[in-house]
Amino acid sequence: MLKKDLLISKLDSILGPNVVLKDKEDFLTKLTNMVEDGVSNLQFVTDFDDTITKHIVGGKCGATSFDVFRGAKTFTQTYSDRVDVCLSKLKDNLFNSKAEQDQQEEIDSRICDVYACSVGEKVAIPDIHEAAERIIIPLKDDCKELLSLLSELKVPLTVVSVGPGEVIEHILKEYNPKVVANYVTFKDDVITDLRQPSVGMYNKHEFPLPVDADRSNFIVIGDFAWDSKIADNVKNKKNVLKIGFFYGRRDDTIKEYLNFFDVLLLHDETMNVPLNILKLVADKTEPNSFHKG
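### A word on the packing of aromatic side chains
According to the stated counting rule, one finds 13 aromatic pairs in the structure shown. Between Phe95 and Phe224 the ring centres are 5.8 Å apart and the planes differ by 80°, which places this aromatic pair in the edge-to-face class. One end of the pair, Phe95, is in the loop between helix H4 (77-90) and helix H5 (101-116); the other, Phe224, is in the loop between strand E9 (217-222) and strand E10 (239-246), with 129 residues separating them in the sequence. For Phe95, a relative accessible area of 23% gives the class partly exposed. The class for Phe224 is buried, based on a relative accessible area of 2%. Relative to Trp226, the ring of Tyr202 lies with its centre 5.4 Å away and its plane at 75°, an arrangement referred to as edge-to-face. Here Tyr202 is found in the loop between strand E8 (190-194) and E9, whereas its partner Trp226 is found in the loop between E9 and E10, with 24 residues between them in sequence. Of the two residues, Tyr202 and Trp226, both sit in the buried class. An aromatic cluster of at least three residues, connected via ring pairs, comprises Phe95, Tyr202, Phe224, Trp226, Phe246, Tyr257, Phe260 and Phe261. The positively charged end of Lys140 is found above the aromatic ring belonging to Phe245, 4.4 Å away from the centroid. Residue placement shows Arg249 over the ring face of Phe95; its charged tip is 3.8 Å from the ring centre.

### What to know about the nonpolar core
Core analysis: the biggest nonpolar cluster contains 43 residues, and Phe44, Ile219 and Ile277 have the highest contact counts within it. Looking at which element gives the most residues to this core, the answer is helix H10 (residues 272-281), with six residues. Ignoring any residue separated from it by four or fewer positions in sequence, one finds Ile277 in contact with Ile14, Leu31, Ile219, Leu241 and Ile243. Core analysis: the second largest hydrophobic core is formed by 38 residues, Val123, Val184, Phe224 and Leu264 among them.

### As for the packing of helix H7 (residues 143-153) against H10
Running from N to C, H7 and H10 point in directions that differ by 25°, and their axes come no closer than 9 Å. It follows from the interaxial angle that H7 and H10 lie roughly parallel. As for the relative orientation of H7 and H10, their crossing is left-handed in sense. Between H7 and H10, the residues in contact are Glu145, Leu146, Leu149, Leu150 and Leu153 and Pro274, Leu275, Leu278 and Lys279, respectively. Residue composition of the contact of H7 with H10, grouped by class: seven nonpolar, no polar and two charged.

Calculation criteria
- Residues numbered from 1 in each chain as written.
- Predicted model: local features only at pLDDT ≥ 70, side-chain atom pairs only at ≥ 80, totals over all residues.
- Heavy atoms only, no water.
- Phe/Tyr/Trp six-rings, centres within 6.5 Å; stacked < 30°, edge-to-face > 60°.
- Helix = DSSP H or I, 4+ residues; strand = E, 2+ residues; numbered from the N terminus.
- Buried < 20%, exposed > 50% of the residue type's maximum accessible area, 1.4 Å probe, protein only.
- Lys NZ or Arg CZ within 6 Å of the ring centre and 35° of its normal.
- Core = buried A, V, L, I, M, F, W, Y, C linked by side-chain atoms within 4.5 Å.
- Contact = heavy atoms within 4.5 Å.
- Axes fitted to C-alpha atoms, helices over the stretch in contact; angles between N-to-C directions.
- Parallel < 35°, antiparallel > 145°, perpendicular 65-115°, else oblique.
- Left-handed = near helix turned anticlockwise from the far one by under 90°.
- Nonpolar A, V, L, I, M, F, W, Y, C, P; charged D, E, K, R; others polar.

These results come straight from atomic positions and should not be treated as a statement about function.
Next up, the structure:
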């Protein structure tokens, strides 16, 4: 059984560089508890875009799951034009961690409007899957190893995302996560409606999550401040370790994001830290070596 003093000696190899802890003692306590409880009491809840996927690709912001969705070849130019108009109303307000309640509701409503543009379009689920095969979104370095190990160890993974569920499920199909995201409904190869309620940037914590009620230790991973709240309404939690990817969007500061996350990974394009924590809890081999993502 790993004691806290031994864990302290391993801390640098677990976390690596460019990591900021909100409270080192609290982090060690949670991690020690998770190790002592074992992998059978652990589950992961995570965002998708910019969390599982890379934020920067080739020196610029990478494609998102919605870019894949709208990339289906059977969408019309009219649809694309409508989406561009809706996105233009959103772009200055996205990732606003300081938004007031009325602003949050407006932003989430406008995200719903973006998806509503697809209603009436002659698009079938195979068209969406074809786009997901054609438009490649790189996963973070070592993400596939993390996802494979979660599957091997039978650690439940729940993905909660503003993105389109059809795309996320297809990209992660090999790992069979449970996905809470935005879905459309199809009839006769036409998009007829949106599944309600829609997932926004600020309401993820309001959704009942399909988590394992018998597991009380959670690793929560995201890149936006409100992602940290995803599992807040899950009952019977014992230890929750919140890991945030920090990209310095807008005027956000590390200090402000530490109000939301226990651990911040600064401009990190790898899954090394979550993977090393999983290996530690599962009593696997030595932690992954760190490299620039």
